[in-house]
Amino acid sequence: MKIPWKTKGIVLTAPLSEGIDDVIKFIDEYLAPRGFNLIVMQVRYRYRFKRHPEVWGYDPLSLEGVKRLLNVCRKNNIKLVPKMNLIGHQSGFPNEPTDGILHGHNQVLSDIPDALLRAYPSFDEQRGTNEILYSRSICLSSIAAKIVVCELIDELMDAFEADEIHIGCDEVFNAGLCPECSKKTRAELISSWINSLNDHVKNRGGATLIWGDRLLSTKETCYNRWEASDDGSEGAINMLSKDITVCDWHYDKYEKYPSVDIFANKGFRIMVSPWRDKGNLEAFINYAIEHDKGHINGVLMTTWCGSVDLARRLLYGERGKWLHTEQIADTIDKTFTR
Ligand SMILES: [Zn+2]
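Residues numbered from 1 in each chain as written. Predicted model: local features only at pLDDT ≥ 70, side-chain atom pairs only at ≥ 80, totals over all residues. Heavy atoms only, no water.

A. Highlighting the coordination of the zinc ion. Protein coordination at the zinc ion: the donors are Glu125 (OE), Cys139 (SG), Cys178 (SG) and Cys181 (SG), at 2.1 to 2.3 Å from the metal. For the zinc ion, the four donor atoms are set out with angles of 99 to 115° between them, so the coordination reads as tetrahedral. Sequence spacing of the donors to the zinc ion: E-x13-C-x38-C-x2-C. Of this pair, Glu125 sits in the loop between α3 (115–119) and α4 (143–159) while Cys178 sits in the loop between β7 (164–166) and α5 (186–203), placing them 53 residues apart in sequence. Here Glu125 and Cys178 have matching classes, each one buried. (Donors = N, O, S within 2.8 Å, 3.2 Å for Na, K, Ca; no water. Tetrahedral: all angles 85-135°; square planar, octahedral: opposite > 155°, others 65-115°. Helix = DSSP H or I, 4+ residues; strand = E, 2+ residues; numbered from the N terminus. Buried < 20%, exposed > 50% of the residue type's maximum accessible area, 1.4 Å probe, protein only.)

Next up, the structure:
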């Protein structure tokens, strides 16, 4: 498929240590020849933070591993941007077989906290409650949480030598629960947290990317409650700094993608972010091409399978291990041709 914008990006999870060589080869021999020039690496806490070893996640990347990834990206003129989840997705259920990725889940009675909340239970917005609401969130009123998070941002951006960071902020269903947070509206809470992280990133000369779903309204769009908000968070769209790049993700196929127009009208630059469904990918990209007001940076293809699983599928034809890997690989292979 012809992509008219200059940025062709893909989200890759930080590779498991046993497969980092395959991911490096995948970048060099598969992604680069197909014109990818941006990799957003979903790290979360899977990095050997020196200042905060207490928040090391599953099989954390070493600094040497990051530099090897950075080298292969630079050789191929690919920008490497680290990604964390800095509101929601602080707990979840892992892919099978385990590749270090936790997804939110509605059907479970208990979930696995990610490394930040394991180390700092007091940062949990749902602390003291047993109810499981999809995934846990950081308490957005916690000054201590913001200090630790900013230190993690600094160390990750330094390691990746990055001038941008993606801070996630998608699928937040449980902001504003604790006594302190409940004094503010969800829109105020979310926007002031994101703006302050963005200020921190800007102060060090960087720029911020986020997912766009919490800024959209289910009532004003056709989108479901994962792709848009039904709890008032959507008001944050009017309070956020316009220099934040919004990654507008939609995974179901729609007739129209009104978020493309909404973000243009609000003055935001966006990345068009599809997933495994090829029909949705084509409809979404075509809609965005027709409705581009000059505000679209490019495509950011999402994956959510382990990067090692994806690399081995697309390099060697090995069968994908996670249930969605085959379809993800197939859609990438047919869309991003040489
Ligand atoms: Zn709180």
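B. Spotlight on the pattern of salt bridges. Taken as a whole and assessed by the stated rule, the structure comprises 26 salt bridges. Ionic contacts of the salt-bridge type, sharing partners, join the residues Glu18, Asp22 and Arg312 into one network. (Salt bridge = Lys/Arg side-chain N within 4 Å of Asp/Glu carboxyl O.)

C. Representation of helix α6 (residues 259–266) in the model. All of the buried residues along α6 are Ser259, Val260, Asp261, Phe263 and Ala264. Next to the buried residues of α6 lie β9 (245–249), β10 (270–273), α7 (278–290) and β11 (296–301). (Contact = heavy atoms within 4.5 Å.)

D. A look at the side chain of Gln42. With respect to the helices and strands, Gln42 occurs in strand β2 (residues 38–42). Of the residues examined, Gln42 reaches a relative accessible area of 6% and is grouped as buried. Side chain to side chain, Gln42 and Lys83 meet in a polar contact 2.9 Å long. (Polar contact = N/O pair within 3.5 Å; in protein donor to acceptor, adjacent residues only side chain to side chain.)

E. Broad picture of the packing of aromatic side chains. Following the criterion strictly, the structure yields 15 aromatic pairs and no others. When the centroid spacing of 5.3 Å and the interplanar angle of 25° are considered together, the rings of Phe26 and Tyr30 count as stacked. Of the two residues, Phe26 and Tyr30 both sit in helix α1 (residues 20–31), four residues apart, roughly one turn of that helix. Ring geometry for Phe263 against Phe268: centres 6.3 Å apart, planes inclined by 90°, an arrangement best described as edge-to-face. Here Phe263 matches Phe268 in class, with each residue buried. Put simply, the rings of Tyr223, Tyr254, Tyr257, Phe284 and Tyr287 pair up and form one aromatic cluster. Sitting over the face of the ring of Phe173, Arg225 holds its NZ or CZ atom 4.5 Å from the ring centroid. Over the ring of Trp226 we find Arg225; its NZ or CZ atom is 5.6 Å from the centre of that ring. (Phe/Tyr/Trp six-rings, centres within 6.5 Å; stacked < 30°, edge-to-face > 60°. Lys NZ or Arg CZ within 6 Å of the ring centre and 35° of its normal.)

F. Here's a closer look at the environment of Tyr254. Structurally, Tyr254 is set in the loop between β9 and α6. According to the relative accessible area criterion, Tyr254 is buried, its value standing at 13%. Remark: the alpha-carbon pair of Tyr254 and Ala283, spanning 29 residues in sequence, is separated by 7.5 Å.

G. Representation of the sheet that holds strand β4 (residues 91–94) in the model. Judged by pairing direction, the sheet is antiparallel, and its three strands sit side by side in the order β5-β4-β6 without closing on themselves. The sheet terminates laterally at β5 (102–103) and β6 (112–113), the two strands that pair on one side only. Alignment of β4 against β5, held across two bridges, turns out to be antiparallel. When the sheet's bridge partners are listed, Pro94 is paired in β5 with Leu102. (Pairing = 2+ DSSP bridges.)

H. Summary view of the environment of Lys293. By the secondary structure assignment, Lys293 is in the loop between α7 and β11. With 29 residues separating them along the chain, Lys293 and Ala264 place their C-alpha atoms 6.5 Å apart. Those residues within four positions of Lys293 in sequence are excluded, and the remaining contacts are Asp261 and Ala264.

I. Seen up close, α7. The end-to-end C-alpha distance of α7 is 18 Å, a good match for the 18 Å that 13 residues give at a rise of 1.5 Å each. Residues of α7 that are buried sit in contact with β9, α6, β10, β11 and α9 (325–335). (Expected span 1.5 Å × (residues − 1).)

J. Inspection of the environment of Lys202 at higher detail. Structurally, the position occupied by Lys202 is in helix α5. For the pair Lys202 and Asp163, spaced 39 residues apart in sequence, the C-alpha separation works out to 9.2 Å. The residues contacting Lys202, other than those within four sequence positions of it, are Ser241 and Asp243.

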